[in-house]
Amino acid sequence: MIGEVQQVRERFEKALAAAGDAQALEQVRIEFLGRNGGCIGELMNHLASLPKEAKPVFGKAVNELKAFAQGELAAAKGRLAAAGDAQRPRPDVTLPGRRPRLGRLHPITRARNQMVEIFARLGFTVAEGPEIEDEWHNFIALNIPEEHPARDPLDNYYIRDNLLLRTQTSTVQIRVMETTPPPVRMIMPGRVYRPDTVDAGHSNMFHQLEGLWVEEGVTMAHLKTMLDMFVHVFFGPDTRTRFRPSFFPFTEPSAEVDVSCLLCGGKGCPACKRSGWMEILGCGMVDPAVLKAVGYDPEKVTGFAFGFGIERPAMLKYGITDIRLLYQNDMRFLEQF
Ligand code: DAH
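A brief structural summary. (Residues numbered from 1 in each chain as written. Predicted model: local features only at pLDDT ≥ 70, side-chain atom pairs only at ≥ 80, totals over all residues. Heavy atoms only, no water.)

### Some thoughts on the pairing of strand β5 (residues 184-193)
Most of β5 sits inside the fold, with 8 of its 10 residues counted as buried. Sheet topology places β5 next to strand β6 (residues 205-215); 10 bridges connect them, and they run antiparallel. Paired with Arg191 across the two strands is His207, which belongs to β6. (Buried < 20%, exposed > 50% of the residue type's maximum accessible area, 1.4 Å probe, protein only. Helix = DSSP H or I, 4+ residues; strand = E, 2+ residues; numbered from the N terminus. Pairing = 2+ DSSP bridges.)

Written out as structure tokens, the structure is:
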């Protein structure tokens, strides 16, 4: 009888050695250890026919075989799992990590932040206004009469009667003064829209920065001082300014400000049309009609205002020659800043 146990053991060992995957292993388990009809369990059926003294020896041998078979099966399962793991690709922990792509500020944002910071140091706070405006804030309160060419429907993006995309940030001057009693000392950055033909120097959407200081005793001298300071900090201490008499409906007197050409330093080159100067902004003393329109008393307070595009100074400073590059989101361009 013990010989039979030995035979089953040999058959089990053969079957186990031949089992190459999990499914075959399971087959072996069922064949030898299955609850109903497993070979090792069946051996116990012989117990009854054995003489009394042989029973414990036989029982022990069968139990040992059972434990042996269970142990071998578990070990074989473990080996299969380990072999599977070894075949699976493993992460190479010695590889260098993937560098996250760092974002950076758009040149327009950078220029605007610098401008805002310079004026903040001069005591100006920031205000903003809506990009969809009514005619009161875009024209009427700014002393731009009905027949003024700037109000031609072809020169504006009208949405409907009395509602248009603002063409200038001067609109925010009006909004600020309507809601704030003097003194005010504010800058107002934002987008403006004009139906211009797009080329290297023009875009139908661009950014402006408006400035306004209204208080008792503010004069043209304050205006010149502030703008000189701004130009020296933004463009560099060697940059010179030139104030030329001009006209704007909302300022009197008005001026345009040129800076010495940033490319040739004022000697004259193609970029400045050989003049040595580049125009950067418009400004003036706030017209009494505008102060009246917002409910200020022009006999008591005076003020200055100025406005300039953000793109042009930014392009001059960073050496950008085509305004369209600023709006195309081309990483090859943007990554340079
Ligand atoms: N709003 C003018 C423009 O878009 C710029 C400007 C000129 C603004 C004179 C002002 C100013 O505040 O006083 O061309």
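### Re the sheet that holds strand β1 (residues 125-126)
Pairing in this open sheet of 7 strands is mixed, and the strands run β1-β5-β6-β10-β9-β8-β7 from one edge to the other. This sheet does not close on itself; its edge strands, each paired only once, are β1 and β7 (241-248). Looking at chain direction, β1 and β5 are connected through 2 bridges and run parallel. Bridge pairing links Val126 to Ile187 in β5. Helix α10 (residues 311-318) contacts β6, β9 (277-286) and β10 (302-309) of the sheet and is inclined by roughly 60° relative to β10. (Contact = heavy atoms within 4.5 Å. Axes fitted to C-alpha atoms, helices over the stretch in contact; angles between N-to-C directions.)

### With respect to helix α5 (residues 107-121)
Between its terminal C-alpha atoms α5 stretches 21 Å, which fits the 21 Å expected from 15 residues at 1.5 Å a residue. Within α5, the full set of buried residues consists of Pro107, Ile108, Ala111, Met115, Val116, Ile118 and Phe119. One side of α5 carries all its buried residues, which in axial view fall inside an arc of 165°. Note on α5: the residue one or two positions beyond its end, Gly123, has a positive phi of about 95°. (Expected span 1.5 Å × (residues − 1). Arc of directions from axis to C-beta.)

### Concerning the packing of helix α2 (residues 22-33) against helix α4 (residues 55-87)
Where α2 meets α4, the axes come as close as 10 Å, and the angle between the chain directions of the two elements is 175°. The angle between α2 and α4 places the two elements in the roughly antiparallel class. Counted together, Ala22, Leu25, Val28, Arg29 and Leu33 of α2 and Lys66, Ala69, Gln70, Leu73, Ala76, Lys77 and Leu80 of α4 form the full contact between these two elements. Class assignment of the residues belonging to the contact of α2 with α4 gives a composition of 8 nonpolar, 1 polar and 3 charged. (Parallel < 35°, antiparallel > 145°, perpendicular 65-115°, else oblique. Nonpolar A, V, L, I, M, F, W, Y, C, P; charged D, E, K, R; others polar.)

### What about the packing of helix α1 (residues 2-18) against α2?
Packing of α1 against α2 leaves a shortest axis separation of 10 Å and a crossing angle of 165°. Between α1 and α2, the crossing angle belongs to the class labelled roughly antiparallel. Pair α1 / α2 crosses with right-handed handedness. Contact residues: Val8, Arg11, Phe12, Ala15 and Leu16 in α1; Leu25, Val28, Glu31 and Phe32 in α2. Of the residues in the contact of α1 with α2, the class split is 7 nonpolar, no polar and 2 charged. (Left-handed = near helix turned anticlockwise from the far one by under 90°.)

### Re the site of the ligand
Near the ligand, the surroundings consist of 15 residues, among which Gln168, Ser170, Arg194, Gln208 and Glu210 are the closest. Separating an oxygen atom of the ligand from a side-chain N or O atom of Gln173 is a distance of 3.1 Å. Computed on the free molecule, the ligand has an accessible area of 360 Å², of which 88% lies beneath the protein chains in the complex. Counting only elements with at least two residues in the shell around the ligand, the list comes to α7 (170-179), β6, β9 and β10. In terms of residue class, the shell around the ligand is built from 5 nonpolar, 8 polar and 2 charged. (Near = heavy atom within 4 Å. Polar contact = N/O pair within 3.5 Å; in protein donor to acceptor, adjacent residues only side chain to side chain. Areas by Shrake-Rupley, 256 points an atom, 1.4 Å probe, with all protein chains shown as cover.)

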